[in-house]
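Structure assessment
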Amino acid sequence: MNSCLWDISRYGPNSWRSYLENLENLFQCLGQVLPESCLLVWNTAMPVGEEVTGGFLPPKLRRQKATFLKNEVVKANFHSATEARKHNFDVLDLHFHFRHARENLHWDGVHWNGRVHRCLSQLLLAHVADAWGVELPHRHPVGEWIKKKKPGPRVEGPPQANRNHPALPLSPPLPSPTYRPLLGFPPQR
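Keep in mind the model is a prediction, meaning the values are calculated, not measured.

On to the overall build of the protein chain. Within the protein chain, the regular secondary structure consists of 7 helices and 2 strands. In the protein chain, which comprises 189 residues, the share counted as buried stands at 35%. Considering only contacts in the protein chain between residues 6 or more positions apart, those separated by 24 or more positions represent 73%. In the form shown here, the protein chain has an accessible surface area of approximately 12,600 Å², with 58% of it arising from carbon and sulfur atoms.

What follows is the structure in structure tokens.
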């Protein structure tokens, strides 16, 4: 689960205060309605580019420097991760993992290419496996896939047009699954 860019940019002068209040309310409500056996992972927002042209930005913010939005994302990540931990939810810091991978950003400064999405999926699945105590076969660290060996051209055009990145190396086959619940059965009421 994640919420950041839209919330800190779309709700006018009170958007920051509203974001903090909504985070607190969200995690409080989730803590009340989700069973303890539920694993909720809060993802921090990914870094944004030097120039942000995403359509979600109101015209007033599009004219501001992207540095403003970059700093706001860092602040929002800190507050959201703190609030999630306060309510005992897991946090996966995607901003940290992709802070040095900006060459994989699309032209709009917000969206990422398929290579990063594959790495993101691996991070999330590894995080869930770790939380559930599932041992994974040896894998190369994600960071090796995020960083390019040599700088390439910046991706231009809409996200759907990017098909030039090679696929990640194939992993060895997983062992046969064992059929047991990962978290046990919920308590009977």
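Following the sequence through the fold, D7 ends up in helix α1 (residues 5-9). Those residues within four positions of D7 in sequence are excluded, and the remaining contacts are S15 and Y19.

This paragraph deals with the side chain of T44. Looking at the secondary structure, you find T44 in the loop between β1 (41-43) and α3 (59-63). Relative accessible area serves as the criterion here: at 3%, T44 is assigned to the buried category. Polar side-chain contacts of T44 include one of 3.1 Å to the backbone nitrogen of H95. Sequence-distant contacts of T44, defined by excluding residues within four places in its chain, comprise N2, N77, A81, V91, L92, D93, L94 and H95.

All right, on to the packing of aromatic side chains then. One pass over the structure, following the stated rule, counts 4 aromatic pairs. Aromatic pair F27 and F89: ring centres 5.7 Å apart, planes at 35°, arrangement tilted. Taken together, the residues span a long stretch of sequence, with F27 in helix α2 (residues 15-33) and F89 in the loop between α4 (66-86) and β2 (90-92) at a distance of 62 residues. Of the two residues examined, F27 and F89, each falls in the buried class. Members of the aromatic cluster, joined through ring pairs, are F27, W42 and F89. Between K75 and the ring centre of W16, over which it is positioned, the NZ or CZ distance is 4.9 Å. Across from the ring centre of F96, 3.9 Å away, lies the NZ or CZ of R99, which sits over that ring.

This part is about unusual backbone geometry. One can expect most non-glycine residues to show negative phi and most peptide bonds to be in trans. Backbone geometry at N88 places phi at a positive 65°, although glycine is not the residue there. On the basis of relative accessibility, which here comes to 70%, the residue N88 falls in the exposed class.

A few words on the nonpolar core. In terms of nonpolar packing, the biggest core is built from 20 residues, with C4, I8, Y19, F27, W42, L69 and V73 touching the most fellow members. At the level of elements, α1, α2 and α4 are the ones that each hand at least two residues to this core. The greatest single-element share of this core, amounting to 5 residues, is contributed by α4. With near-sequence residues (within four places) excluded, I8 lies in contact with S15, W16, Y19, L69, E72, V73 and A76.

Turning to α2, a few remarks are in order. When the terminal C-alpha atoms of α2 are compared, their 26 Å separation across 19 residues agrees well with the 27 Å that a helix rising 1.5 Å per residue should span. Of all the residues in α2, the buried ones are S15, Y19, L23, F27 and L30. Projected down its long axis, α2 shows its buried positions confined to an angular sector of 105°, all on one face.

Cut-offs and rules
Residues numbered from 1 in each chain as written. Predicted model: local features only at pLDDT ≥ 70, side-chain atom pairs only at ≥ 80, totals over all residues. Heavy atoms only, no water. Helix = DSSP H or I, 4+ residues; strand = E, 2+ residues; numbered from the N terminus. Buried < 20%, exposed > 50% of the residue type's maximum accessible area, 1.4 Å probe, protein only. Contact = heavy atoms within 4.5 Å. Areas by Shrake-Rupley, 256 points an atom, 1.4 Å probe, with all protein chains shown as cover. Polar contact = N/O pair within 3.5 Å; in protein donor to acceptor, adjacent residues only side chain to side chain. Phe/Tyr/Trp six-rings, centres within 6.5 Å; stacked < 30°, edge-to-face > 60°. Lys NZ or Arg CZ within 6 Å of the ring centre and 35° of its normal. Core = buried A, V, L, I, M, F, W, Y, C linked by side-chain atoms within 4.5 Å. Expected span 1.5 Å × (residues − 1). Arc of directions from axis to C-beta.

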